[in-house]
Amino acid sequence: MSPAPLRSDPAVRLQATLPSLPSTDASGNRKYATSWLAQFWVLLGRTAKLKFRDPMSFATILSGVIVVSLLEGSIYYDMPVGDWQNRIGGISMFISFMAFMAFDVLMLWPKERQVYLRDQRAGMYCSSSFYTARTLAEVPTHMLTGILGGIITYYGSRLPPLLRGRGPASDG
């Protein structure tokens, strides 16, 4: 019996259906039809539209921030006035939570992988413009939830008000 032809291998069939890589210049660098900035703006607009059309991802991030903020506010609610170490610990815990909340971007990568690979092989855009646009499209969501969570945690922990008779204007 002769071995099966190479065309039966799924990887070989996939490679045969994909377009060839874009042309390269004399130094071996890839050429793109548009500039990096044009690629970035198109990708940013596309990613932002996808992000805002998926209310479930925003609701998931928002609900997580609200639950953690309320939990921290309830833990640190009735602290004595001079207990600053525990209050700073609570604020640090919230900041750590917000830092790790940005990893939700990794969960969307498997969904977009096939589109990315197809567009990349077609020479539509470079990887750096894709990842930069993808990251910056997430900024408004994370800033909004961070501000909301910070407000809930701040007042839930009963930290002193920021503008109650403090500063040089109240010295008189």
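This is a predicted model, so every value here is computed, not measured.

Within the secondary structure, Thr145 is located in helix H6 (residues 127-156). The buried category is assigned to Thr145, whose relative accessible area is 0%. Of the polar contacts made by the side chain of Thr145, one reaches the backbone oxygen of His142; its length is 3.2 Å. Setting aside residues no more than four positions away along its own chain, Thr145 makes contact with Phe58, Ile61, Leu62, Val65 and Met98.

This paragraph deals with the nonpolar core. Membership of the largest hydrophobic core is limited to 8 residues, which are Phe40, Leu43, Leu44, Tyr116, Tyr125, Phe130, Ala133 and Ala137. Secondary structure elements with two or more residues in this core: helix H2 (36-52) and H6. Beyond its immediate chain neighbours, meaning those up to four positions away, Phe130 contacts Leu43, Arg46, Trp109, Glu112, Tyr116 and Tyr125. Membership of the second largest hydrophobic core comes to 5 residues, among which are Val65, Phe94, Met98 and Met101.

What counts, and where the lines are drawn
Residues numbered from 1 in each chain as written. Predicted model: local features only at pLDDT ≥ 70, side-chain atom pairs only at ≥ 80, totals over all residues. Heavy atoms only, no water. Helix = DSSP H or I, 4+ residues; strand = E, 2+ residues; numbered from the N terminus. Buried < 20%, exposed > 50% of the residue type's maximum accessible area, 1.4 Å probe, protein only. Polar contact = N/O pair within 3.5 Å; in protein donor to acceptor, adjacent residues only side chain to side chain. Contact = heavy atoms within 4.5 Å. Core = buried A, V, L, I, M, F, W, Y, C linked by side-chain atoms within 4.5 Å.

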